[in-house]
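# Structural characterization, general
Listed below are the residues making up each chain.
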Amino acid sequence: MHLHDLTIKNFHQGLLKKEFSALEITQAFFDWIEKRDWETGAYLSLSKDLAVRQAEAVDIKIAKNEPVGVIAGIPLAFKDNILIEGRPATAGSKILKDYTASYDATVIKKLKKAGTVFLGKTNCDEFAMGSSTENSAYKLTRNPHDLSRVPGGSSGGSAAAVAAHMAIAALGSDTGGSIRQPAAFCGVVGLKPTYGAVSRFGLIAMASSLDQIGPFTKTVEDAAILFKEIAGYDSMDSASSPLSNNYGDELVNPRLEDIRKLKIGVPEEYWVAGLDKEVAENVERATKDLQSLKAEVKKISLPHTKYALSCYYIIMPAEVSSNLERFDGIRYGTRQGAENLLELYKRNREAGFGAEPKRRILLGTFVLSSGYYDAYYAKAQRVRRLIRQDFDEAFKEVDVILTPVTPTPPFKFGEKVADPLAMYLSDIFTVPVNLAGLPAISIPVRQGSNVSGQISSNLPIGFQLIGKHLREADILGLGQYYEKLYL
Ligand code: GLN
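Being a predicted model, the structure only gives us computed values, none of them experimental.

Thresholds, definitions, all that
- By convention here, each chain's residues receive numbers from 1 onward along its written sequence.
- In keeping with the predicted nature of the model, local features appear solely for residues at pLDDT of at least 70, side-chain atom pairs appear and are counted solely at 80 or more, and the whole-chain, interface and lining totals rest on all residues.
- Values reported for side chains reflect all heavy atoms of the structure, with hydrogen atoms and water molecules removed beforehand.
- In plain terms, two cysteine sulfur atoms within 2.5 Å form what is called a disulfide here.
- Numbering of helices and strands runs from the N terminus, with a helix taken as a DSSP run of H or I at least four residues long and a strand as a DSSP run of E at least two residues long.
- Each helix should span, by expectation, one fewer than its residue count multiplied by 1.5 Å.
- Accessibility here uses a 1.4 Å probe with only protein chains present; expressed as a share of the type maximum, an area under 20% marks a residue as buried, one over 50% as exposed, and anything in between as partly exposed.
- Arc definition: directions from the helix axis to the C-beta atoms.
- Only heavy atoms matter for contacts: two residues are in contact if any of them lie within 4.5 Å across the pair.
- The definition of a polar contact used here is a pair of N or O atoms within 3.5 Å, where within protein one atom must be able to donate a hydrogen and the other to accept one, and adjacent residues in sequence count solely through side-chain atom pairs.
- Whether two strands pair comes down to DSSP finding at least two bridges between them.
- Throughout, an axis means a line fitted to C-alpha atoms (over the contacting stretch in the case of helices), and angles, computed between N-to-C directions, take values from 0 to 180 degrees.
- In this analysis, rings of Phe, Tyr and Trp, with Trp reduced to its six-membered ring, are considered paired at centre separations within 6.5 Å, and the interplanar angle assigns stacked below 30 degrees, edge-to-face beyond 60, and tilted for intermediate values.
- Near residues are defined by distance, with any heavy atom within 4 Å of the molecule or strand qualifying the residue.
- Using a 1 Å grid laid over the protein atoms alone, points where a 1.4 Å probe fits but cannot get out form a cavity; open sets with protein on both sides within 12 Å along at least 5 of 7 lines form a pocket; any residue with an atom within 4 Å of a point counts as lining.
- Any molecule with more than half of its atoms within 2 Å of a cavity's or pocket's grid points is regarded as sitting in that cavity or pocket.
- We call Asp, Glu, Lys and Arg charged. Ala, Val, Leu, Ile, Met, Phe, Trp, Tyr, Cys and Pro are nonpolar, and the rest, Gly among them, are polar.

### Focus on the state of the cysteines
Applying the stated criterion across every chain yields a total of zero disulfides. Sulfur of C186: no disulfide; nearest cysteine sulfur belongs to C124 and is 14 Å away.

### Examining helix α11 (residues 341-352)
If you check α11, its first and last C-alpha atoms are 16 Å apart, about what 12 residues at 1.5 Å a residue would give, namely 16 Å. Along α11, the residues that are buried comprise L344, N348, R349 and G352. Along α11, the residues classed as buried sweep out an arc of 115° about the axis, all on the same side. Residues of α11 that are exposed and point over 90 degrees away from its buried face: L342 and E350. Those residues of α11 that are buried lie in contact with α12 (355-368). Put simply, N340 is the residue that caps the front of α11, since its side-chain oxygen is 3.3 Å from the backbone nitrogen of L342.

### Digging into the sheet that holds strand β2 (residues 75-79)
Sheet architecture is open: 11 strands sit in the order β1-β3-β2-β4-β6-β5-β10-β11-β9-β7-β8, paired in mixed fashion. The sheet is open, and its two edges are formed by β1 (43-46) and β8 (296-300), each paired on a single side. Across the sheet, the axes of successive neighbouring strands diverge by a mean angle of 25°, strand direction being ignored. Sheet topology places strand β7 (residues 263-267) next to strand β9 (residues 400-404); two bridges connect them, and they run parallel. Its bridge partner lying in β9, I264 is registered against V400. In this fold helix α2 (residues 22-40) packs onto β1, β2 and β3 (117-122), with an angle of close to 20° to the strand it touches most, β3.

### Points about the environment of L435
Position of L435 relative to the elements: it lies in helix α15 (residues 431-436). Among the residues examined, L435 registers a relative accessible area of 0% and is labelled buried. In this structure, the C-alpha to C-alpha distance between L435 and M316, residues 119 residues apart in sequence, is 9.6 Å. Apart from the residues lying within four places of it in its own chain, the contact partners of L435 are L210, A308, C311, Y312, I315, R384, I387 and R388.

### Here we look at the packing of aromatic side chains
How two aromatic rings sit relative to each other is given by the distance of their centres and the angle of their planes. All chains considered together, the criterion is met by 20 aromatic pairs. Judged by centre distance (4.7 Å) and plane angle (70°), the rings of F78 and F118 are edge-to-face. Of this pair, F78 sits in strand β2 while F118 is found in strand β3, placing the two residues 40 residues apart along the sequence. Taking the relative accessible area as the measure of exposure, F78 reaches 0% and is therefore buried. The exposure class of F118 is buried, given its relative accessible area of 0%. Measuring from ring centre to ring centre gives 6.4 Å for F391 and F395, while their planes differ by 25°; the resulting arrangement is stacked. Of the two residues, F391 and F395 both sit in helix α13 (residues 374-397), four residues apart, roughly one turn of that helix.

### Focus: the site of the ligand
Among the 15 residues in the neighbourhood of the ligand, the closest are listed as A128, T175, G176, S178 and Y312. Separating an oxygen atom of the ligand from a side-chain N or O atom of Y313 is a distance of 3.4 Å. The contact in question runs from an oxygen atom of the ligand to an N or O atom on the side chain of R360, over 2.8 Å. Mapping the ligand onto the cavity grids shows that it belongs to the largest cavity. Split by residue class, the shell around the ligand holds five nonpolar, seven polar and three charged.

### Here we look at the environment of S321
If you trace the backbone, S321 turns up in helix α10 (residues 308-323). Residue S321 is classed as buried on the basis of its relative accessible area of 5%. With 39 residues separating them in the primary sequence, S321 and R360 have C-alpha atoms 6.9 Å apart. In contact with S321, not counting residues within four places along its chain, are I361, G364, T365 and L368.

So this is what it looks like as structure tokens:
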């Protein structure tokens, strides 16, 4: 079997049939990374020693005919803001250049226990702030479909690693779109789980009321498998939901009769000026495909959508400014010599943070400062409630909401990086979901079915399915049947 064809599902089957060993596949991935990653730039660090040990452990179990789980031996990549004990975790920032994680994130603990193989850590925008991975303090990551274009962000390295077959799957984090947008740009599947479904313990915090960890995979089925493994209640995360222990088999084995009952809403507010024609056509094409499954599609309204981006760019920086306080040059950061404590903080933060975190710390402290708090932060919280209520109302009528993921196809390097507002606009269709805490998935629009005719597009384009709170099963189920149309 070729690396390009490997999914979680067929890897597991091949492993059990002894078509290959976990170690052979692991070696093959490292060979491929060595050969290709100089041009893609997906990885920041590799963990070959760890991966080899993990793969060998799986192979020993198989040789002894001991049972192994469905993700045992799967080679994975991790965004560099997720902690793995004894490994670097830079979060794409210079301030964490020499930092080594002292404990495992909860998702890492779960995946170690399940026997997965850790290939390495992937590039991202600094502290997950950005939509192109150009804000990484380390390097550029290129879109494997067109090297002159960005992979999206902030989890661009994870998306590119999966798209370029340098991992079977990967984890990223999504605060305002950082899983779904790069997934759409790189032509892979990306799931942002319900807020509280996957533990954030051991994720370097960006904006705590919005952050979620989720999977990048090649198929929706794989996303369901991996999500099921990482979800669940964790007492180490104060926002963790006990209900996240209740996800069942329907995630991975949806029934067509259930999927056909789903009503899909298409919100008129997402078809805005500025939506690229090719994106619109592709999303309409996916809509027709879903209709062919006999799911009902109807128009809905989410009236406060137009305030979501401004609301996000107040609440998120407010939380960023407090989460980034800890990088003071004492516990973290390369300590710069200074006369006194204040000077030490200032020098260290000045030298360690790039422009985007600084911009957001400034914005965040401003919107929280006395005199402006009510006008900005408190008001944004009220708007957040309205956005959430829009979804509550819509979900009385429909089960799933279908939208574009991004207003444009993947853009070129340098196109937006000098203009923060242009960059922020890339998040227009993804941030409402984080503000409402809902699950959403980005699925590549497939080409070549005869259901709805061909639209030629060389660049990947995704569509988004948004589900009710804790109803990942609906969006994953619908997505799995969408993919079956193309098998
Ligand atoms: N691109 C968005 C931002 O810059 C989202 C980031 C994220 O989800 N981590 O804030």
